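Now for the letters of each chain:
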Amino acid sequence: MIRRHAAAATALRAYLRRACSSHAADSNDQLLGLVEVPKPRPGSRLSTKDFAFLKEPTPPIPAAALTPPEAVLISKAIRAYATDFDGSAERFLRRHRDFLTDAVVVAVLRSVRAPELCVKFFLWAERQVGYSHTSACYDALAEVLSFEDRARTAERLLREIGEDDREVLGRLLNVLVRKCCRHGAWAEALEELGRLKDFGYRPSGATYNALVQVLATAGQVDMGFRVQKEMSESGFCMDKFTIGCFAQALCKKGRYSDALDMIQREDFKLDTVLCTQMISGLMEASLFDEAVSFLHRMRCNSCIPNIVTYRTLLSGFLKKKQLGWCKRIINMMMKEGCNPNPSLFNSLVHSYCNARDYTYAYKLLKRMSSCSCPPGYVVYNIFIGSICGGEELPDPELLALAEKVYEEMLASNCVLNKVNTANFARCLCGVEKFDKAFQIIKVMMKKGFVPDTSTYSKVITFLCQAMKVEKAFLLFQEMKNVGVKPDVYTYTILIDSFCKAGLIEQAQNWFDEMRSVGCSPNVVTYTALLHAYLKAKQLPQASEFFHRMVDAGCLPNAITYSALIDGLCKAGEIQKACEVYAKLIGTSGSVESEFYFEGEHTDTIAPNVVTYGALVDGLCKAHKVVDAHELLDAMLSTGCEPNHIIYDALIDGFCKVGKIDNAQEVFLRMTKCGYLPTVHTYTSLIDAMFKDKRLDLAMKVLSQMLEGSCTPNVVTYTAMIDGLCGIGESEKALKLLSMMKQKGCSPNVVTYTALIDGLGKSGKVDIGLQLFTQMSTQGCAPNYVTYRVLINHCCAAGLLDEAHSLLSEMKQTYWPKYLQGYSFAVQGFSRKFIASLGLLEEMESHGTVPIAPVYGLLIDNFSKAGRLEKALELHKEMMEVSPSLNITSKVAYASLIQALCLASHLEEAFGLYSEMVRKGVVPELSVFVCLIKGLVKVNKWNEALQLCYSICHEGVKWQGNNSFDGG
């Protein structure tokens with residue numbers, strides 16, 4: 001019977017090979033007939049010398065970037081003699097006064113941090129002959145004296161400074177005012193201004209300018225006029241930048257005539273820059289006719305609009321969705337030789353595509369080349385994704401336009417991302433352009449596109465729903481002309497392919513159909529569906545199907561049990577897999593298993609190398625490598641020789657748990673048995689050694705790999721790049737990336753993402769941004785993880801505008817709309833790497849909207865930077881993307897309310913609080929504290945007391961805390 005089943009399995013495999021005639025694809029391939037035999041890569045043969053740079057010593061950190069040694073010495077002495085500054089500390093300082101510079105003073109202040117000690121040191125330094133404090137020193141002292149919540153600086157310390165040196169105190173008070181202005185805290189800045197006057201000092205011109213600027217930015221134009229009047233009475237004039245800010249703020253309020261009067265009073269002449277700022281304000285106020293009239297007024301005043309003027313107008317109209325005006329402005333600016341930049345072109349194409357004006361969008365795309373900014377990855381994905389991204393098929397004319405743009409994209413060496421590739425192929429299949437659809441997938445695969453379950457689901461689902469069964473055979477190329485009534489093997493091929501694509505329900509339909517027409521399924525048919533149910537973690541259905549198989553008289557064989565064990569392992573049911581194995585070898589005793597059938601034939605079924613391989617692999621992936629290693633000895637005792645797949649799984653398992661020595665033992669055992677290590681074997685070892693920071697050992701394995709004529713692949717290079725980044729050697733990782741390209745190995749999205757993450761952790765976010773731009777121009781499409789990594793690092797580095805631009809780009813290329821879970825977003829990345837980004841926790845609370853945490857991150861950072869208008873705009877967008885409240889939206893609410901209270905925007909803060917309550921969310925206690933502090937800050941004591949009273953007497957149930965009932 002075993003021979004008969006083996007013969008049937010062999011016949012099925014032969015039939016599959018004939019069905020895919022032109023491509024000898026592996027039986028595990030999910031898209032048979034599409035994967036071509038890899039061609040030898042161009043480039044010279046690799047040798048150990050190519051990797052010699054990895055052994056080079058890391059260059060030392062530049063001296064300018066280090067803290068001066070004198071500052072370290074002085075800081076330690078000040079802290080050591082803290083109680084005797086006037087005696088021991090000053091004697092020590094006098095011995096080192098020759099080293100006194102502004103850099104040393106700044107470094108000491110930032111190191112000591114204690115306000116009283118810093119003030120004493122600051123005053124001592126100012127008294128030294130030949131030295132005078134610079135603005136950097138005053139800024140450093142102001143930073144030390146300020147509190148995190150921007151409370152008023154301790155009066156006692158300021159008075160001590162004044163008693164010692166009134167000039168120093170005056171300069172310091174001016175610095176404190178300007179510091180509040182830089183942080184956007186206009187209310188605190190006015191308080192500091194009052195204190196400056198209380199001490200008998202006059203604000204400087206720079207201080208007045210800073211105050212007017214912060215008031216203008218905050219929209220407090222009436223207060224700005226009062227400060228400007230006082231400034232004028234003190235004999236100071238606003239500088240050009242301040243006038244521009246103030247004029248823009250007035251225009252934003254619709255008071256452009258007041259802006260012109262103010263400019264005239266200040267005796268300033270209108271120029272292009274000032275007019276552009278006023279136009280920007282008018283656009284934000286949606287005063288479109290006035291903005292265009294002002295553009296004509298510029299020309300009358302001999303102010304020629306420049307490229308910034310036109311881009312300001314265009315961006316404003318685009319933001320307000322005034323696409324008709326956009327066309328007029330584009331024509332005007334291009335006649336005068338001014339062109340939109342690539343980012344603006346992308347946004348324009350995106351807007352016109354959303355408006356279904358594809359003709360004009362295509363004109364813009366073609367015009368990009370003549371404007372010295374050729375179309376790139378983003379705009380091509382916007383255009384094709386917009387046409388093919390809908391649920392319904394596009395019109396034939398639109399699809400033809402998408403095909404035309406696709407050919408232009410290939411000529412520009414750009415690529416489609418995963419979502420748009422699948423949608424484009426699905427639309428082509430819908431109009432029976434199967435060859436073209438398959439060709440697109442093949443071309444994208446050559447450029448690094450990795451097909452996944454989503455890709456197959458869209459294409460195969462459409463074929464099954466819209467065509468006859470013969471059409472589905474086009475996935476297997478040479479089977480499309482079979483033209484015969486399907487038999488058991490034909491149905492089995494269909495069922496197997498649908499299962500591998502994750503379409504279990506459709507596979508079940510084919511199964512039911514074959515039985516209804518009198519075609520009895522065989523053991524291979526049952527095994528294919530059974531394995532699919534287990535891989536999908538649908539254990540009840542799998543158990544039921546197994547018993548249906550037995551009841552139908554189709555008895556499981558060794559292949560079935562091997563598939564059972566493999567499927568249970570992939571479903572995470574290692575214990576059940578071990579129970580099936582124990583039943584097979586007769587060591588289970590009385591333990592029952594729902595996936596085992598007791599019969600006469602079971603004595604003849606013994607685990608084979610495939611069975612052992614599935615269980616070893618499952619145990620290793622579950623980090624039970626000791627049990628897996630014992631299984632290796634068990635199979636040898638039964639006379640079953642392990643193959644290279646089992647050895648590779650064991651080596652990889654030991655490497656994943658950090659047991660490199662055990663992995664090397666298995667490696668030696670493998671070579672003694674005559675198996676040549678594969679690129680996968682070497683990659684597992686090299687990856688583990690890099691992660692363990694054993695670079696010398698990794699180099700030895702790499703040398704052995706090259707001596708064995710085993711060429712590193714993209715996974716090997718990626719492991720080395722990730723390992724180098726992990727030990728802070730990002731420069732060497734960049735060199736390795738360059739070398740792998742020279743050797744003909746194209747980096748994939750995982751390679752680029754790992755390197756971008758390493759550069760970000762090394763503080764080289766600018767280089768990471770350059771690499772991000774480079775990857776899309778070199779034929780590699782970024783995915784969700786790439787964007788998320790770069791946005792994280794941009795936020796950490798304070799590059800908030802760049803982070804927001806990346807979020808916009810991610811939305812425009814249709815990631816969030818069609819990405820129905822993290823499983824596709826993180827494909828190809830290791831679990832450890834995903835965990836390091838904090839994405840594993842987000843997968844639980846944001847399974848279907850992975851973009852929500854990105855919004856939360858940006859909202860938090862914009863709020864902390866005082867850019868509340870942008871934070872509120874992002875919050876509004878986030879609620880449109882993810883209307884249901886989750887941990888991200890709750891944190892975003894709290895962050896926004898806190899920032900609004902600090903900026904005295906209580907009306908908006910209470911508006912957000914009301915929105916939370918309406919959605920049934922109990923705010924955290926910290927939210928109420930912020931609201932109460934905000935009310936107190938603006939002297940609304942009654943309202944603050946009412947809010948306190950409501951909290952105390954309504955028995956609020958805090959999340960994670962006990963109820964607060966007034967105790």
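The coordinates are above.
Scope of this entry: the structure provided in the associated data block. Treat the numbers as computed from the prediction; the structure is a model and nothing was measured. (Residues numbered from 1 in each chain as written. Predicted model: local features only at pLDDT ≥ 70, side-chain atom pairs only at ≥ 80, totals over all residues. Heavy atoms only, no water.)

## A word on the environment of Leu 632
For Leu 632, the position within the fold is in helix α33 (residues 625–637). In sequence terms Leu 632 and Leu 650 are 18 residues apart; their C-alpha atoms lie 9.0 Å from each other. Look past the residues within four positions of Leu 632 in its chain and what remains in contact with it is Pro 642, Ile 646, Tyr 647, Leu 650 and Arg 669. (Helix = DSSP H or I, 4+ residues; strand = E, 2+ residues; numbered from the N terminus. Contact = heavy atoms within 4.5 Å.)

## Some details on the packing of helix α14 (residues 272–284) against helix α16 (residues 307–319)
At their nearest, the axes of α14 and α16 sit 9 Å apart, and the two run at 0° to each other. The orientation of α14 with respect to α16, classified from their angle, is roughly parallel. Residues Thr 272, Thr 276, Ile 279, Ser 280 and Met 283 of α14 touch α16, and the partners they reach there are Val 308, Thr 309, Thr 312, Leu 313, Gly 316 and Phe 317. Its residues assigned to classes, the contact of α14 with α16 shows 5 nonpolar, 6 polar and no charged. (Axes fitted to C-alpha atoms, helices over the stretch in contact; angles between N-to-C directions. Parallel < 35°, antiparallel > 145°, perpendicular 65-115°, else oblique. Nonpolar A, V, L, I, M, F, W, Y, C, P; charged D, E, K, R; others polar.)

## Here's the deal with helix α18 (residues 342–354)
Helix length check: α18 (13 residues) gives 18 Å between terminal C-alpha atoms against 18 Å at 1.5 Å per residue, within 8%. When α18 is considered as a whole, its buried residues turn out to be Leu 344, Phe 345, Asn 346, Leu 348, Val 349, His 350, Ser 351, Tyr 352 and Cys 353. Arg 356 occupies a position one or two residues after α18 and carries a positive phi of about 65°. (Expected span 1.5 Å × (residues − 1). Buried < 20%, exposed > 50% of the residue type's maximum accessible area, 1.4 Å probe, protein only.)

## Overview of the packing of helix α28 (residues 523–535) against helix α30 (residues 558–570)
Helix-helix packing: each pair is described by the crossing angle between the helix axes and the interaxial distance. Remark: α28 packs on α30, axes separated minimally by 8 Å, with the N-to-C direction vectors making an angle of 10°. One finds that α28 runs roughly parallel with respect to α30. Note on element contacts: α30 touches α28 through Ile 559, Thr 560, Ala 563, Leu 564, Asp 566, Gly 567, Leu 568 and Lys 570, opposite Val 523, Thr 527, Leu 530, His 531, Leu 534 and Lys 535. Here the contact of α28 with α30 is built from residues that sort into 7 nonpolar, 4 polar and 3 charged.

## Remarks on the pattern of salt bridges
The tally for this structure, following the rule as stated, stands at 23 salt bridges. The shortest N-O distance in the salt bridge between Arg 94 and Glu 90 comes to 3.7 Å. Residue Arg 94 and its partner Glu 90 are located together in helix α3 (residues 85–95), separated by 4 residues, close to a single helical turn. A relative accessible area of 38% places Arg 94 in the partly exposed class. A relative accessible area of 13% means that Glu 90 is categorised as buried. Taking the shortest distance from any N to any O, the salt bridge between Arg 195 and Glu 192 comes out at 2.5 Å. Of this pair, Arg 195 and Glu 192 both sit in helix α9 (residues 186–198), 3 residues apart, roughly one helical turn. For the pair Arg 195 and Glu 192, a shared accessibility class is recorded, and that class is buried. Shared partners join several salt bridges into a network, and the residues in it are Glu 403, Glu 407, Lys 433 and Lys 436. (Salt bridge = Lys/Arg side-chain N within 4 Å of Asp/Glu carboxyl O.)

## A few points about the packing of aromatic side chains
Following the criterion strictly, the structure yields 15 aromatic pairs and no others. For the ring pair Phe 511 and Tyr 526, a centre distance of 5.3 Å and an interplane angle of 65° mean the geometry is edge-to-face. Taken together, the positions of Phe 511 in helix α27 (residues 504–516) and Tyr 526 in helix α28 put the pair 15 residues apart, joining distant regions of the chain. Members of the aromatic cluster, each reached through a chain of ring pairs, are Phe 288, Phe 317 and Trp 325. In this arrangement the basic side chain of Lys 327 is found over the ring face of Tyr 360, its NZ or CZ atom lying 4.7 Å from the centre. (Phe/Tyr/Trp six-rings, centres within 6.5 Å; stacked < 30°, edge-to-face > 60°. Lys NZ or Arg CZ within 6 Å of the ring centre and 35° of its normal.)

## So, unusual backbone geometry
Notably, Arg 113 is not glycine yet its phi reads approximately 70°, a positive angle. Note that Arg 113 resides in the loop between α4 (102–112) and α5 (115–126). Arg 113 sits in the partly exposed class, given a relative accessible area of 38%. Phi at Asp 267 takes a positive value of approximately 60°, unusual for a residue other than glycine. Summarising the element assignment, Asp 267 is placed in the loop between α13 (256–265) and α14. What makes Asp 267 exposed here is its relative accessible area of 71%.

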